[in-house]
Amino acid sequence: MKNDYQVIIIGCGVVGAAIARELSRFDVKVAILEKEADVSFGTSKANSGIIHAGFHSTKGTLMAKFVVPGNRKFDRLCEELEFPFERRGELMVAFDENELRILQTYHKMGLDNHVPYMELLGKERVLEMEPNVNPEVEGALYAPTAGIICPYEYCFALTSNARENGVELFLNKKVSWIGKQGNGKFEIETEDGSRFTSDFIVNAAGLYSDEIAKFVGITNFKIVPRKGEEYLLDRRVGTLIKRVIFPCPTSNSKGMLVIPTVDGPVMVGPTAMDTEDKNDWATTRDGLKEVFTQAQKMVPGIRTSDIITSFVGLRPAAVGNNGDFIIGTTTVSGFINAAGIQSPGLTASPAIAEHIREVLNKEGVKMELKRDFKPKRKIAIRVRHLLEKRDYSEYGNIVKNDKAYSKLVCRCENVTEAEIVAAIKEGHITLDGIKFATRAGTGRCQAGFCTSRVMEILHRETGIPFEQITKKGKGSEIAPYPIKKGDGK
Amino acid sequence: MTKIIDALVIGGGPAGLAAAISLKKNGIDKILVVEREDSLGGILLQCIHNGFGLHRFKEELTGPEYAEKYIEMLEGTDIETMTGTCAIDIVNEKDGKTVYLMSEKSGLIEAKTKVVILAMGCRERNRGNIAIPGTRPAGIMTAGLAQKFVNRYGYMPGKEVVILGSGDIGLIMARRMTWEGAKVKAVVELQPYPGGLNRNIVQCLNDYNIPLYLSHTITAIRGNSRITEVDIAPINEYKEPKKSETFTLTCDSLLLSVGLLPENELSQIAGVILDKVTGGPLIDSNYMTNIPGVFACGNVLHVHDLVDWVSEESEATAKAAAEYIKHQTIQKSKIPVRVGNLVRYALPTVLEPGKPGLISLRVIAPAENATLYAKVDDEIIYKKAHKKIFPSEMQRIEIKKVPENAKMIHVYLE
């Protein structure tokens, strides 16, 4: 039967993608429905990219249960899927007596959660490790197991490998109705009129997981977005710090951090502001001020003139559950939640995925390992990595085989036509999708140069008319009005 | 593939074209011009308005016409050109430079050359550089990108337009989009004076009743898929928006014309030292950077307002580069050029005694009834009264012969 699956995952952020990839190891028929034009386009793309050590989570919560096991899985995942991941370590810094006491509390929490290798450091050690931290620092809690990744590359890697192993992905499918058939199967309708059926639904719809749950009559939780503004700084700042730098947390957030990224530039943020509006993606003057005041207190060398770009992420925080994750079976048989996954959800995602697989298994989905499972992702050539080394012999060989690797499209990040075409073939057909997949347009000029070139390639490869090419899906066309000859003067 | 040449010109825009032709005229044999786009001409190709060439050719040309003049001159020579080719690395070696080129047609090329002329031009500052609060929808782009869409691709990015910044490209696009039936609702400028040339304010805004809001800024951008509106507010003397006087304009596009930055990533890879004010390489009076044999001209050196001066500067650069190839001529004695009152920068920062000199400069802010001076030690050698002088207009001071025993040259406005 067409569009009939054992498991349908709603939402393809890092949680949905991690679950899909986990299930793809087994002989299970799985589909993902994503409402956006590309995967990770909701909360995940704006994630800070930190793989937390795990000392922030309170004992007894699901967060604490999944964060450390999740962290541990990243070495293997990175090896299999080859997304950038570095265990840089994190430092929670204290500037006075009171904050030093807070470090003790978090150290204790970390021990409860079995976070390995933590250390409480004195002033000298902190400044020795991070010479650009404010010299007024009094001490820090250090956790070397913390890491950094690129959240959307992680999501792309998971999705792409899941698809190679048989999972089907449907983009632009916003669920508009869910019902149950007489045979107990779920029937799902999407806004464009498509219909899907499945034995199980995994609700990984992030910000909208409460609305998805409502379709089957589950109303015991509500998602209130907690907005976070982040500012990406020039590569110059990347040399200032090596590790993730945290302040001592406040009641509702881990505070504003200074975060090295795997691509070089440093990020500062995020703010934490509860909002009723799931569409509140606007950065603000106040947010900028707040972020830089805190970040500069920790690392005084940071300047607002280093900002390359800014963005907003909305954490899907669940109300009615003490803000903890909502994971597992529900009162509706076959409907499984992976909802309210806010921080440390990225870190926890591989452990959550494994847990969901176990839940499905308990609920009756047979889990037989696929004999032909391909754990390794097909890896795209990244010309910028070759050029960074300034050794041209390897690059020369690649170019000999395929000239498209010598046609530079994005000059700031050294992305070639061949890489753009590869991303399009992977299914990234919006400018943002291509940007996240290849880095074209993320550099200093912020796509001033490559936008039209990427559009030409997209048009050529997909046949999408030039005027219908979008930034991030319908309604975001870049140059929507063809000029007819004879129009105007 | 390896290429052995005398001179490599990086960039096939107005600076690169003029430099290459001038190198040839000065007797240089093997010249290669590389251009990353598919055709020569650089940004001129999308500047289909006229006003180019008044100084050079004593006629009013469009951008493509101006470029065509140089392309024709070049085609009459044996200068080699490679389009679809990008220089990615410059390695400075004892007996010359090795430049790595990525070419769409020929793959990776190792070019061994005696001199390199940097002529990569500039790029537009963007939203990130100015950190406008708000959402990140479609419909926000630099004025230059909008110009490319309209003039080269034949597509309008929007119909209800707000323009932030009053740089020349923004002004030109205000008129261009009006011609194509768009409603340009406002040009918003943070400074109390326009960023672009006065003639463009008159011909592109005033003639079409497009309002120019000086000392205003955009305080919010709204819309998730596509931009729907912006908040505009006047600013106080600390450049902070006055909240109570904020007003909102609906729009489907926001063009940014907030300044140009010389494009020097490649120069930096090569080890070229940049001037903090211009963003271009520090040069001597021969347009040579701190790396012997590496020269720079045009907008990669400093942002010009008229292409005519780009051509002239590039020819002078090529002449000096040719001397270097033939005789390893380098500037021996250097007299510093210092900027004084109200002058933002002067270029070059050193001149050579006994030789003619040309100083290009810009003032910091507009001034009325002011006199521009150049002084060698205590002697005034240049003096010109200006009724009005604007930062948007590059000033040029020609010195016939720099005195042999000069210690310092000082340029200032009074």
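Predicted model only: the values in this text are computed from it and were never measured.

Visitor: Sorry, what's going on with the overall build of chain B here?
Guide: The number of helices and strands found in chain B is eight helices and 28 strands. Taken over the C-alpha trace, chain B has a radius of gyration of 22 Å; the compact-globule value for 414 residues is 22 Å, and the two agree within 12%. The 414 residues of chain B split such that 60% are buried. Put simply, 62% of the contacts in chain B that link residues at least 6 apart link residues at least 24 apart. Summing over all exposed atoms, chain B offers an accessible surface of approximately 16600 Å²; the carbon and sulfur share of this is 50%. Here chain B contributes 48 positive and 49 negative side-chain charges, whose respective centroids are spaced 2 Å apart.

Visitor: Teacher, can you tell me more about the interface of chain A and chain B here?
Guide: Interfaces are often described in size by the accessible area the parts lose on coming together. Between chain A and chain B, the contact holds 54 residues from the first and 53 residues from the second. Interface of chain A and chain B: buried area, both sides summed, is about 4400 Å²; carbon and sulfur atoms make up 56% of it. Put simply, chain A and chain B have four salt bridges between them. The closest approach of N and O atoms between arginine 453 of chain A and glutamate 37 of chain B, which form a salt bridge, is 3.4 Å. Counting across the interface, chain A meets chain B through 18 residue pairs in polar contact (both at pLDDT 80 or more).

Visitor: Which parts of the structure should I look at to understand helix α2 (residues 62-72) of chain A?
Guide: An α-helical turn contains 3.6 residues, so a residue and the one three or four places further along point in the same direction. For α2 of chain A, the full list of buried residues reads Met63, Ala64, Phe66, Val67, Val68, Gly70 and Asn71 of chain A. Packed against the buried residues of α2 of chain A are β3 (50-51), α3 (74-81), β19 (326-329) and α10 (345-362) of chain A.

Visitor: Is there a simple way to think about the pattern of salt bridges in this case?
Guide: A side chain of one charge can pair with a side chain of the opposite charge when the charged atoms of the two come close. Residue and element names in this part refer to chain A. Following the criterion strictly, the structure yields 55 salt bridges over all chains and no others. Where glutamate 82 meets lysine 376, a salt bridge forms, and the shortest distance between an N and an O atom there is 3.9 Å. Placement of glutamate 82 in the loop between α3 and β4 (85-86) and of lysine 376 in the loop between α10 and α11 (383-388) is noted, with a sequence separation of 294 residues between them. Owing to a relative accessible area of 41%, glutamate 82 belongs among the partly exposed residues under this scheme.

Visitor: Would you take a moment to explain the confidence of the model for chain B for this structure?
Guide: Interpretation of this model should avoid reading the predicted coordinates in detail wherever pLDDT is low. Across chain B, the average pLDDT comes to 94, with 99% of residues at 70 or higher. Reported confidences for the modelled complex are a pTM of 0.90 and an ipTM of 0.92.

Visitor: How do you make sense of the pairing of strand β12 (residues 195-203) of chain A when you look at a structure like this?
Guide: If a strand is regular, its side chains alternate between the two faces of the sheet. Residues and elements named next belong to chain A. With seven of nine residues buried, β12 lies mostly within the body of the structure. Of the pairings in the sheet, the one linking strand β1 (residues 4-10) to β12 comprises six bridges and is parallel in character. Bridged to tyrosine 5 within β12 is serine 198. Alignment of strand β11 (residues 186-190) against β12, held across four bridges, turns out to be antiparallel. Residue phenylalanine 186 lies in a different strand from β12, and its bridge partner there is serine 198. What sits between the antiparallel neighbours β11 and β12 is a turn of four residues, in which glycine 193 has the positive phi angle 90°. As defined by bridge partners, β12 adjoins strand β20 (residues 335-339) across three bridges and the pair is classed as parallel. The partner of asparagine 203 across the bridge, within β20, is asparagine 337.

Visitor: Please explain the pairing of strand β21 (residues 335-339) of chain B as it appears in this structure.
Guide: Residue and element names in this part refer to chain B. Note: β21 against strand β23 (residues 350-351), two bridges, orientation antiparallel. Counterpart to proline 336 in the pairing with β23 is valine 350. Summarising the sheet, β21 and strand β28 (residues 409-413) pair through three bridges and their orientation is parallel. Counterpart to valine 337 in the pairing with β28 is isoleucine 409.

Visitor: Is there a simple way to explain the sheet that holds β4 of chain A in this structure?
Guide: Pairing between sheet strands relies on hydrogen bonds along the backbone, with the strands arranged either parallel or antiparallel. Residues and elements named next belong to chain A. Taken together, the three strands give an open sheet; going across it, the order is β3-β8-β4, and neighbouring strands pair in antiparallel fashion. Two strands bound the open sheet, and with one partner strand each, they are β3 and β4. Across two bridges, β3 lies against strand β8 (residues 147-149) in antiparallel orientation. In the strand pairing of β8, isoleucine 50 is matched with isoleucine 148.

Visitor: Would you mind going over the environment of proline 300 of chain A with me for this structure?
Guide: The topology assignment puts proline 300 of chain A in the loop between α9 (285-298) and β18 (307-319). Separated by 269 residues in the primary sequence, proline 300 of chain A and alanine 31 of chain A have C-alpha atoms spaced 48 Å apart.

Visitor: Can you help me understand unusual backbone geometry in this one?
Guide: When glycine is set aside, most residues are seen to have a negative phi, and most peptide bonds are trans. Residues serine 343 of chain A and proline 344 of chain A are joined by a peptide bond in cis, for which omega reads 5°. For the bond from leucine 347 of chain B to proline 348 of chain B, the omega torsion is 5°, close enough to zero to count as cis. Mapped onto the secondary structure, proline 348 of chain B falls in the loop between β22 (343-347) and β23. In this model, glutamate 82 of chain A sits at a positive phi of 50°, which is unusual for a non-glycine residue. Residue alanine 447 of chain A is not a glycine yet carries a positive backbone phi of 75°. Examined against the element boundaries, alanine 447 of chain A turns out to sit in the loop between α14 (431-438) and α15 (451-462).

Visitor: Teacher, can you tell me more about the environment of aspartate 4 of chain A here?
Guide: All names here are of chain A. By the element assignment, aspartate 4 lies in strand β1. In this structure, the C-alpha to C-alpha distance between aspartate 4 and arginine 453, residues 449 residues apart in sequence, is 39 Å. If sequence neighbours within four positions are ignored, aspartate 4 has contacts with Lys29, Lys185, Thr197 and Ser198. A polar side-chain atom of aspartate 4 sits 2.7 Å from a polar atom in the side chain of threonine 197.

About the criteria used
Residues numbered from 1 in each chain as written. Chains lettered and ligands numbered in written order. Predicted model: local features only at pLDDT ≥ 70, side-chain atom pairs only at ≥ 80, totals over all residues. Heavy atoms only, no water. Helix = DSSP H or I, 4+ residues; strand = E, 2+ residues; numbered from the N terminus. Rg over C-alpha atoms; globule rule 2.2 N^0.38 Å. Buried < 20%, exposed > 50% of the residue type's maximum accessible area, 1.4 Å probe, protein only. Contact = heavy atoms within 4.5 Å. Areas by Shrake-Rupley, 256 points an atom, 1.4 Å probe, with all protein chains shown as cover. Lys, Arg positive; Asp, Glu negative; His and termini not counted. Charge placed at Lys NZ, Arg CZ, Asp CG, Glu CD. Buried area = accessible area lost by both parts, 1.4 Å probe. Salt bridge = Lys/Arg side-chain N within 4 Å of Asp/Glu carboxyl O. Polar contact = N/O pair within 3.5 Å; in protein donor to acceptor, adjacent residues only side chain to side chain. pLDDT = per-residue confidence, 0-100. Pairing = 2+ DSSP bridges.

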